[in-house]
Amino acid sequence: MKQAKRWVWLLAASLGVLVFWHAGVGVFSREALYPYENAKVWLERTVWVRLQAVLSRARSAARASMLERDVARLRMALAETEALEAEVARLRALLDFSPPIPCRWQAAPVLSRGGTAAVWQSVRLAKGSLHGVRKGDPVVVPDGVVGRVVDVSPHTCETMLITDPNSRVACELETPGEGVGVVRGILYGGGARPAADPVLTLLYVVEPLRLRYLARDFEPPPRTRVVTSGLGPTYPKGLTVGYLLESSLESDGLSREAAVLPAVDMAALDEVFILTRQGGRHAR
Amino acid sequence: MRVDMQLPVLAFTLLMAALMQDLIPATAAFPVKLVFLTAAALYAALTRPVWVALTAAVWAGGLTDALGGLPPLCTPLFLMLLYGAVRLLQRVFLEAGLLQGTLLTAAAAAAQWLWTRLWLHDGAAFFSLDSLKALGYTVPAGLLAGFAGFAFCGLIDRLSGLVTPVKEGHGILWAETDR
């Protein structure tokens, strides 16, 4: 009877915690799983890669894996440098522009995808508030934008992918054409589904994203690169989001809508980069 | 009922279930998660006293919601209702056997998918082909999770000494030996 009473109190306390401290439960749960998920990442990177090298009788497998990571980091640095060069040229023309806010790219391995429910398009990364990550920080790979951080714990963070139906990204078309000006729109996440063609059921084909509220009078050509416009509070300007497939007028006829294929293969994410800012908004 | 072993065994099985459910990703070929936490809660519903089973349901549901980004109390309420349904059907599910657990978890997985969509006010999703396909995938996902979950929970119970196997000749159900 006494033990049953203890369990009753434990049940009541658990319900109370869930109701009044749900955010804390999330942080606690992610931190509790973090050591095991991080160990899995470590095993994959060290033991599995080396085992593959032994089995394939080539040391180049492990070396190639390390080189690929180095190349990815260098490509990120190069992309940042190119963007900085363009900005310097622009600033020289404008003169009295304020200097950019310092920020840095942090590499973060992917711990898990979709959480325990697979309702949202999200991934969990092995970097958290202790590494300077904050809510709203953009997450990218060399190929393009992945998403943004929506929740942070000391060692992990949850990232909502741009393919999530709740995702919104302020975008513009790159070099749409002479005399057109800047064409901007809002990118809506479309979720992900298997391909309709049964031959491709094993491939992770993402439903195209929708770029809405484009100028109705300009029909962008296919394969136009879609980049972030920098107008929102999250993504700096110039990051690749995807490539335009086709466009059509929206049902009300007031604007144009386009289908965009994301530049990043979300199913193949292994390591990503988080832009952590040091005070205020992002630099660009 | 020994609280000194019930609590750590429950915490360990739920932690392992949460870890497996979180790590194994949903893919294009299999776009649903394996509901190990639900299987663990169902195992507790069949083998534990009422307050322990309800606590397991709340913890399993809380972990599912916290790690899956769902609203609070979405899955705990479902699992508590599921516990009530299981107790009503106790005359059918006499023991926490692998077959019963596997089938029960398969049914629970489909019901949980529907419950979650309703809780998220995603009623329009019911009528899309993709959603019906996803609902169909929940049944084999539940079968896998139920089999693995009940086998693991039974193993942990035997290793911890909470349950002692009984010979069939005695006619006593093994799940009844340590209530």
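What counts as what
Residues numbered from 1 in each chain as written. Chains lettered and ligands numbered in written order. Predicted model: local features only at pLDDT ≥ 70, side-chain atom pairs only at ≥ 80, totals over all residues. Heavy atoms only, no water. Helix = DSSP H or I, 4+ residues; strand = E, 2+ residues; numbered from the N terminus. Buried < 20%, exposed > 50% of the residue type's maximum accessible area, 1.4 Å probe, protein only. Contact = heavy atoms within 4.5 Å. Areas by Shrake-Rupley, 256 points an atom, 1.4 Å probe, with all protein chains shown as cover. Pairing = 2+ DSSP bridges. Axes fitted to C-alpha atoms, helices over the stretch in contact; angles between N-to-C directions. Patch = residues over 30% accessible without salt bridge, like charges linked within 9 Å, V, L, I, M, F, W, Y side chains within 5 Å. Salt bridge = Lys/Arg side-chain N within 4 Å of Asp/Glu carboxyl O. Buried area = accessible area lost by both parts, 1.4 Å probe. Polar contact = N/O pair within 3.5 Å; in protein donor to acceptor, adjacent residues only side chain to side chain. Nonpolar A, V, L, I, M, F, W, Y, C, P; charged D, E, K, R; others polar. Phe/Tyr/Trp six-rings, centres within 6.5 Å; stacked < 30°, edge-to-face > 60°. Lys NZ or Arg CZ within 6 Å of the ring centre and 35° of its normal.

Asker: Looking at this structure, how should I read the overall build of chain A?
Answerer: What chain A contains, in helices and strands, is three helices and twelve strands. Taken across its 284 residues, chain A has 44% of its residues classed as buried. Taking as baseline every contact in chain A between residues at least 6 positions apart, the subset at least 24 positions apart corresponds to 64%.

Asker: Would you mind going over the overall build of chain B with me for this structure?
Answerer: Each helix and strand counted, chain B has six helices and zero strands in total. Start at the N end of chain B and walk to the C end: the helices and strands fall as α-α-α-α-α-α. Taken over 179 residues, chain B has a buried fraction of 50%. Sequence separation of 24 or more characterises 69% of the internal contacts of chain B that already satisfy a separation of 6 or more. Within the structure as shown, chain B displays about 7,800 Å² of accessible surface, and the carbon and sulfur contribution to it stands at 72%.

Asker: What am I meant to see in the pairing of strand 1 (residues 103-113) of chain A here?
Answerer: In summary, the side chains of a regular strand alternate between the two faces of the sheet. Residues and elements named next belong to chain A. The buried fraction of strand 1 amounts to nine of the eleven residues, a majority that puts the element mostly inside the structure. Both strand 1 and strand 12 (residues 271-277) contribute to a ladder of seven bridges, which runs antiparallel. Its bridge partner lying in strand 12, Cys103 is registered against Arg277. Taken together, the three bridges between strand 1 and strand 2 (residues 122-125) define a ladder with antiparallel strand orientation. By the bridge assignment, Val110 is partnered in strand 2 with Leu125.

Asker: Help me understand the sheet that holds strand 2 of chain A in this model?
Answerer: Either a parallel or an antiparallel arrangement is found when strands of a sheet pair, and the pairing is made through backbone hydrogen bonds. Residue and element names in this part refer to chain A. One closed barrel accounts for six strands, arranged 1-2-5-4-3-12; its pairing is antiparallel. Pairs of neighbouring strands in the sheet enclose a mean axial angle of 45 degrees, with direction left out of account. In this structure, strand 3 (residues 138-141) lies alongside strand 4 (residues 144-152), joined through four bridges in antiparallel fashion. Counterpart to Val140 in the pairing with strand 4 is Val145.

Asker: For this particular structure, what's the right way to read a nonpolar patch on the surface?
Answerer: All names here are of chain A. On the surface, a nonpolar cluster with roughly 460 Å² of combined accessible area is contributed by Val17, Val19, Phe20 and Trp21. Counting through the fold element by element, Phe20 comes out in helix 1 (residues 2-20). Judged by its relative accessible area of 73%, Phe20 falls in the exposed class.

Asker: What's the story with the interface of chain B and chain A in this structure? I'm lost.
Answerer: How big an interface is tends to be stated in terms of accessible area lost as the parts join. In this assembly, 40 residues from chain B lie in contact with 37 residues from chain A. Summed over both sides, the interface of chain B with chain A buries roughly 3,400 Å², with 74% coming from carbon and sulfur. Where chain B packs against chain A, one counts one salt bridge. A salt bridge links B:Asp22 to A:Arg124; its shortest N-O distance comes to 2.5 Å. Put simply, chain B and chain A have twelve residue pairs in polar contact (both at pLDDT 80 or more) between them. Elements with a minimum of two residues in the side of chain B that touches chain A: helix 1 (3-23), helix 3 (50-68) and helix 5 (98-119) of chain B. Per-element tally for the side of chain B that touches chain A: the top contributor is helix 3 of chain B, with 13 residues. Class assignment for the residues of the side of chain B that touches chain A results in 26 nonpolar, eight polar and six charged.

Asker: Sorry, what's going on with the packing of aromatic side chains here?
Answerer: The tally for this structure, following the rule as stated, stands at five aromatic pairs over all chains. For the pair B:Phe12 and B:Phe152, a centre-to-centre distance of 6.1 Å together with 35 degrees between the ring planes defines the contact as tilted. Of the two residues, B:Phe12 is situated in helix 1 and B:Phe152 in helix 6 (residues 129-160); the sequence distance between them amounts to 140 residues. Residue class for B:Phe12 comes out partly exposed when judged on its relative accessible area of 37%. Given the relative accessible area of 29%, B:Phe152 is considered partly exposed. A connected cluster of aromatic rings, assembled from ring pairs, spans B:Phe78, B:Trp115 and B:Trp119. The aromatic ring of A:Tyr188 is capped on one face by A:Arg212, whose charged end is 5.1 Å from the ring centroid.

Asker: Teacher, can you tell me more about the sheet that holds strand 8 (residues 209-214) of chain A here?
Answerer: All names here are of chain A. The antiparallel closed barrel is built from six strands, whose spatial order is 6-7-8-11-10-9. Sheet twist, expressed as the mean angle between neighbouring strand axes with direction ignored, is 40 degrees. Sheet analysis places strand 6 (residues 168-173) next to strand 9 (residues 225-228), joined by three bridges and oriented antiparallel. Across the sheet, the residue bridging to Cys171 is Thr228, located in strand 9.

Asker: Can you walk me through the pattern of salt bridges in this structure?
Answerer: Once their charged atoms are close, side chains differing in charge can pair, the charge on each being opposite to the other. Residue and element names in this part refer to chain A. In this structure the tally under the stated criterion is 16 salt bridges over all chains. The partner of Arg45 in a salt bridge is Glu271, with the nearest N and O atoms 2.8 Å apart. Taken as a pair, Arg45 in helix 2 (residues 22-55) and Glu271 in strand 12 lie far apart in primary sequence, 226 residues in all. Take Arg45: its relative accessible area is 25%, and that puts it in the partly exposed class. Judged by its relative accessible area of 14%, Glu271 falls in the buried class. One salt bridge connects Arg75 with Asp143, and the closest N-O pair in it is separated by 3.5 Å. On the criterion of sequence distance, the pair formed by Arg75 in helix 3 (residues 60-94) and Asp143 in the loop between strand 3 and strand 4 is long-range, its members being 68 residues apart. Looking at Asp143, the relative accessible area reads 44%, which means it is partly exposed.

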